[in-house]
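# Architecture and fold: a report
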Amino acid sequence: MASPAQQLPPGWAAEWDQNAQRYLFIETATGRTQWEPPFPDPEAMNRAPSASPPPAQTQHHTKRRQYAPGQTQAYYGAADTIAPPGPAYGAAPAPGAQQPQLFTPGLAGDGQFAQQQVAPQPGAAPYYGAAQPEPEYINAPGFGQGAPYQPPGVNALVDQFSQMNVAQKGLRLFTTNLLAAPPDPLELHRPPPDIVLPPNSCLSNSPFANADSSYQRCTLNAIPTSHSLLQKSKIPLGLVITPYRTLKEGDEPVPLVTDTVIARCRRCRTYINPYVQFIDGGNRWRCCMCSMSNEVPQLFDWDQVRNQPGDRWARPELNHGVVEFVAPTEYMVRPPQPAVYVFLIDVSHNAIQSGMVATATRTILENLDRIPNEDNRTKVAFIAFDTSLHFFSLPAGAAESSMLVVSDIDDVFLPKPTDLLVNLTESRPAIENLMSRLNDMFQDNHTIGSALGPALQAAFKMMAHIGGKIQVLSASLPSVGAGALKNREDPKVLGTSKESTLLQPASPFYKTFAIECSRAQVSVDMFLFSSGYQDVATLACLPHYTAGQTYYYPAFNASRTEDAIKFAHEFGEVLAMPIMLEAVMRVRASKNLRMSAFHGNFFVRSTDLLAMPSVPQDLSYAIEIQIEDNITAPFVVLQTAVLHTTCYGERRIRVITTALPTTNNLSDIFASADQVAIATLLANKAVERSLTHKLEDARDAVFNKMVEILSAYKASMTAAGAGASAQLAISENMKMLPALLLGLLKNVGIRQSAQIPPDLRAYAQCLLTSLPSQLLIPYIYPNFYSLHNMPPECGTVGEHGIIMPQPLPLTSERLERHGLFLIEDGQTIFLWVGRDAVPQLIMDVFNLPNYEVLRGGKTTFPVLDNPFSQRVNAVIQKTREMRRGVYYPHLYVVKEDGEPPLRLWALSCLIQDRADVLPSYQQFISQLRDKVNGSSY
């Protein structure tokens, strides 16, 4: 094989550098030197030099490659990124300056990234779609937008990948200079890096053999073979799991295996999956986790429906990464129990006056038919509480209910052995009667105070023998009986090192009670409505340890239609949700991988068994993984198994399997990093750290982790090595990670501020630890659209539903004084109206004559009889419906010169701007660069 000196193009010479133990390449005409061989062909880099002297090269040098810039753009679509106005992120190259012809990871020429980021020239065709016509509402020059991002077709992707030899060579590493590449929101819509498994690792050619990333995604799609290699990359290894995500239209349903033939490894108890091997003529199978040889069950090849031999290769568990088994009786501790719902409704003065009770009872009444009850076994009970407990006897067949009051809250007892917990179908008339009368019964109740703790104890006594769900609707701070809490909100503590104490539970009662509930298969959902302090941090303990959820409606007032609609929608969706009961979850992994830490709403029953009395849909869990010893296998398998009872009384096992290749190559690790999964895992770790340490420690940990990853990348993947560098390099697939982590640092959950009420902060932390990635990413990196000049197809129905505008970078530089903009984070939608908006725009959208008469604040958006209004409505509607989950975001109209608190709240979503003591994206990147280069700032 030729040495580099023999392979050089004309005009180049190679010289062996004894100190660096590698070749130095010299351009003879100019005397310019570089470490990279000057080859336009990246494959040439794979040829190892064999000429004397044979160097003992370190691994990462051989992997540094060069790519033509067009090739980078073909894959990543650099032309469709949006350049900010003015030289915000590094100036464009000087006119006439010669541009480098090659894109070299870590050695990009000055301005090369800026050149790739420049917006298309006027008249030039944008990267995606056709040119855009003039904006509809013009009062100043409109910003030229490209068409919305449409994923390229499968064939186009196949062509691109075949050009890049990905199938043969694995992942390619592309380097980005963060100083010259502003965040592009479209990057967050791209799928995670490809999982490139070795040939013949899978039994099936099915595209579903690996679990979809919406069910289970790993922070790395290539697993390092050793702990030291993982440490070198500094990327945290973890798994983000959403085992029961809702199926949207067009989603593939989870295949169900109904013959109760379940093949499992005898040693490690792994379920058979597409990555096992059949041996011994197909009579045995080798486990992909521990290599144990197991017998194939006798009925594995038998079709029980047709009662004839079946096709083994058509079995769902050998073709699908996500599959559900109907479990035989040996998987049951007891027969499947009916679904049980106990409603605890606060009827104190505050709850009645806010309209919460009226809204809740009306929502229950309207959704009785949606509560899971296919087998007519579902049981319900109602307890109203203020400083006493009010039980309701609902005899089967009776049309009326009767109320029984228990005032002794120190020693809670059930006033009647029967008719309190009743069959939903049999007692339907009495339930309907009670729901229609409950608000009126307490209309004149002037009792102030809440016996929430005793009410929970009563509900537990009622249902502990079965298990089920307690739905708590509380509008005031628990003040009497067990679990009574005091108002500990202290403005002087906010923003100090003691603030984290306000985010920790104030009373041990709720955690102790939650663990009792978990043992009895009882789960708790909290709906909190207080206009004052309610200690969300303490009350959220119950859902946290019992696998429930917390919903918070600060200053709820049903006389505002928007408040009533939001709560009624979310509560109705929770009632209709097909919950999984009596669940236990365990994650198994290949040899030498161990689950080391767990984040989410559950109780860890043994070292790795997660107990979940009920599993709501679209709840996410994050698990950290440790590499205990060197991995020799070519690929590893991670398998999540959830044993549960459906709310229709069937015991099932959901199995989610992900296979990932292993690598001993650092560049593969960086190229396979999934920035969305990393951000999700770090959000969970940050919240945990803020509770065990201080909020400041959580922020520092997030910042330092980003510095570590950038330092590791610079040291091992760029020519700068350990020295200072004018660039800040990261792999292309992680270039949004700094923006995501800046969004996390600016999130209400851990943001540095002395103005955030503890309840709002505690609720934000609940969301950070429970939202699946699809909801979490917009929560920390919101969406920002320009509506007044969106292309004419936006807001109309396309092939994939409503066409959305192209998202803008999150900076107020993009706000125009004559414009209409939408900012949303999945929990709240802001409609920003510029002060110079033309009267026609205000008339078309709000049906008002001009900007001056428009009122800001929470609103219901009018549907008007003009095309633009209908398109804006369609975009808002799609925003509310496009993600999984029960949340129904409020809509706020924000006037540019309107109320300062509302303006600041909306502008806080534009995380690339400086806010208070928090840095802008540019400042953040500069701080990161200074840290990476070792200088203080």
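The rules behind these values
All residue numbers refer to position in the chain's written sequence, counted from 1. The predicted nature of this model means local features are confined to residues of pLDDT at least 70 and side-chain atom pairs, given and counted, to a pLDDT of 80 or more, with totals for whole chains, interfaces and linings taken over all residues. Heavy atoms throughout the structure, all of them, feed into the side-chain values; hydrogens and water do not. Each helix is a run of H or I in the DSSP string that is no shorter than four residues. Each strand is a run of E no shorter than two, and both are numbered from the N terminus. For every residue, the accessible area obtained with a 1.4 Å probe (protein chains only) is divided by the maximum for its type, and the residue is called buried under 20%, exposed over 50%, and partly exposed between those limits. All accessible-area figures derive from a Shrake-Rupley calculation using a 1.4 Å probe, and residue coverage is judged against the displayed protein chains alone. If DSSP finds at least two bridges between two strands, the strands pair. Throughout, a contact is declared for two residues whenever any of their heavy atoms are within 4.5 Å. A fitted line through C-alpha atoms serves as each axis, taken over the contacting stretch for helices, and the angle formed by two N-to-C directions is quoted from 0 to 180°. Aromatic pairs are defined between Phe, Tyr and Trp rings, using the six-membered ring for Trp, whenever the two ring centres lie within 6.5 Å; interplanar angles under 30 degrees are classed as stacked, those over 60 as edge-to-face, and all others as tilted. A ring is considered to have a charge above it if a Lys NZ or an Arg CZ atom is located within 6 Å of its centre and within 35 degrees of its normal. Across the chain, each position has a pLDDT score giving the predictor's confidence in that residue, from 0 to 100. What counts as a salt bridge is simple: a side-chain nitrogen of Lys or Arg found within 4 Å of a carboxyl oxygen of Asp or Glu. Reported orientations rely on four angle classes, namely roughly parallel under 35 degrees, roughly antiparallel over 145, roughly perpendicular from 65 to 115, and oblique for the rest. Here the term charged refers only to Asp, Glu, Lys and Arg, the term nonpolar to Ala, Val, Leu, Ile, Met, Phe, Trp, Tyr, Cys and Pro, and the term polar to all other amino acids, Gly among them. Residues enter a nonpolar core if they are buried and are Ala, Val, Leu, Ile, Met, Phe, Trp, Tyr or Cys, with the set joined through side-chain atoms within 4.5 Å. Residues qualify for a patch when their relative accessible area is over 30% and they have no salt bridge, like charges being joined within 9 Å and the nonpolar side chains of Val, Leu, Ile, Met, Phe, Trp and Tyr within 5 Å.

This paragraph deals with the overall build of the protein. Across its full length, the protein carries 25 helices and 37 strands. Counting across all 937 residues of the protein, residues that qualify as buried make up 59%. Counting only carbon and sulfur atoms, one obtains 51% of the accessible surface of the protein, whose full area is about 37,100 Å².

Now for the sheet that holds strand β34 (residues 820–824). One open sheet accounts for five strands, arranged β31-β34-β35-β37-β36; its pairing is mixed. Each edge of the open sheet is held by one strand with a lone partner, namely β31 (783–786) and β36 (857–858). Taken together, the four bridges between β31 and β34 define a ladder with antiparallel strand orientation. When the sheet's bridge partners are listed, F784 is paired in β34 with I823. With respect to the sheet, helix α22 (residues 839–846) is in contact with β34, β35 (828–833) and β37 (890–895), its orientation differing from that of β35 by roughly 150°.

This brings us to the packing of aromatic side chains. Taken as a whole and assessed by the stated rule, the structure comprises 28 aromatic pairs. Residues Y553 and F567 carry aromatic rings whose centres are separated by 5.4 Å and whose planes lie at 70° to one another, so their mutual orientation is edge-to-face. Remark: F567 occurs in helix α15 (residues 561–576) and Y553 occurs in the loop between β22 (550–552) and α15; sequence separation between them is 14 residues. The two residues Y553 and F567 agree in class, both being buried. Relative to F567, the ring of F556 has its centre 5.8 Å away and its plane inclined at 80°; by these criteria the two rings are edge-to-face. On the criterion of sequence distance, the pair formed by F556 in the loop between β22 and α15 and F567 in helix α15 is long-range, its members being eleven residues apart. Residues F556 and F567 agree in their burial class; the two are buried. By the ring-pair criterion, three or more aromatic residues cluster together here, those being F343, F382, F527, F529, Y551, Y553, F556, F567, F571 and Y887. The ring of Y851 carries the charged tip of K895 above its face, separated from the ring centre by 4.5 Å.

Turning our eyes to something else, we now look at the environment of Q806. Summarising the element assignment, Q806 is placed in the loop between β33 (801–802) and β34. For Q806, a relative accessible area of 5% corresponds to the buried category. Taking the C-alpha atoms as reference points, Q806 and C794, twelve residues apart in sequence, are found 9.0 Å from one another.

This brings us to the confidence of the model for the protein. Per-residue confidence for the protein gives a mean pLDDT of 82, with 84% of residues at or over 70. For the stretch residues 138–152, pLDDT sits under 50, and the model shows 47 contacts to residues farther than four places along the chain or on other chains.

Let us now look at the pattern of salt bridges. If you walk through the whole model with that rule in mind, you get 34 salt bridges. Close ionic contact of R586 with D608 constitutes a salt bridge, the shortest N to O distance being 3.2 Å. Of the two residues, R586 sits in strand β23 (residues 580–589) while D608 sits in the loop between β25 (603–604) and β26 (610–615), which places them 22 residues apart along the sequence. You can call D608 partly exposed: its relative accessible area is 22%. The residue R817 makes a salt bridge to D836 at a minimum N-O spacing of 3.5 Å. Of the two residues, R817 is situated in the loop between β33 and β34 and D836 in the loop between β35 and α22; the sequence distance between them amounts to 19 residues.

Between helix α20 (residues 758–770) and helix α21 (residues 773–780), the least distance of the axes is 8 Å, while the angle of their chain directions is 135°. The angle between the axes of α20 and α21 places the two elements in the oblique class. Contacts between α20 and α21 involve A764, L767 and L768 from the first element and L776, Y779 and I780 from the second. Here the residues of the contact of α20 with α21 sort into six nonpolar, no polar and no charged.

Side chains that are nonpolar tend, in soluble globular proteins, to be buried together. Residues L344 and F382 are the most contacted members of the largest nonpolar core, which totals 197 residues. Ranked by residue count, the leading element in this core is helix α18 (residues 695–717), at eleven residues. With residues near it in sequence (within four places) discarded, F382 still touches F343, I364, H390, F391, F392, L394, I431, L434 and M435. In this structure, A837, L841, F861 and L891 belong to the second largest nonpolar core, which totals 26 residues.

This paragraph deals with the sheet that holds strand β9 (residues 277–279). An order of β9-β10-β11 is seen for the three strands of this open sheet, with the pairing classed as antiparallel. For this open sheet the edge positions go to β9 and β11 (293–295), each flanked by a neighbour on one side alone. Neighbour to neighbour, the strand axes of the sheet diverge by 35° on average, direction disregarded. Bridging between strand β10 (residues 284–286) and β11 involves three bridges; their strand directions are antiparallel. Paired with W285 across the bridge in β11 is N294.

When you line up the elements, A339 lands in the loop between β14 (322–326) and β15 (340–346). Apart from residues lying up to four places away in sequence, A339 is in contact with R377, T378, K379, L581 and C647.

For strand β17 (residues 389–393), a buried count of five out of five residues is recorded, marking the element as mostly surrounded by other parts of the structure. Of the two faces of β17, the one lined by L389, F391 and S393 and the one lined by H390 and F392 are each fully buried. Relative to β17, strand β16 (residues 379–385) is paired through three bridges, and the arrangement is antiparallel. Bridge pairing in β17 places A384 opposite H390. With antiparallel pairing between neighbouring strands as the criterion, β16 and β17 make up a hairpin whose turn holds three residues.

What follows deals with the pairing of β37. By the criterion of burial, β37 is predominantly enclosed, with six of the six residues buried. Residue alternation in β37 divides its side chains into two sets, H890, Y892 and V894 and L891, V893 and K895, and both sets are buried. The sheet contact formed by β35 and β37 spans six bridges and is parallel. Across the sheet, residue L831 finds its bridge partner in β37, namely V893.

Following both chains from N to C, one finds helix α17 (residues 675–692) and α21 inclined at 80°, their axes separated by 10 Å at the closest point. Judged on the interaxial angle alone, α21 and α17 are roughly perpendicular. From α17, V676, A679, T680 and A683 reach across to α21, where they touch S773, L776, I777 and I780. For the contact of α17 with α21, the residue count by class is six nonpolar, two polar and no charged.

A word on a nonpolar patch on the surface. A cluster of nonpolar side chains, namely M403, V405 and M441, defines an oily patch on the protein surface of about 230 Å² accessible area. If you trace the backbone, M441 turns up in helix α10 (residues 428–441).

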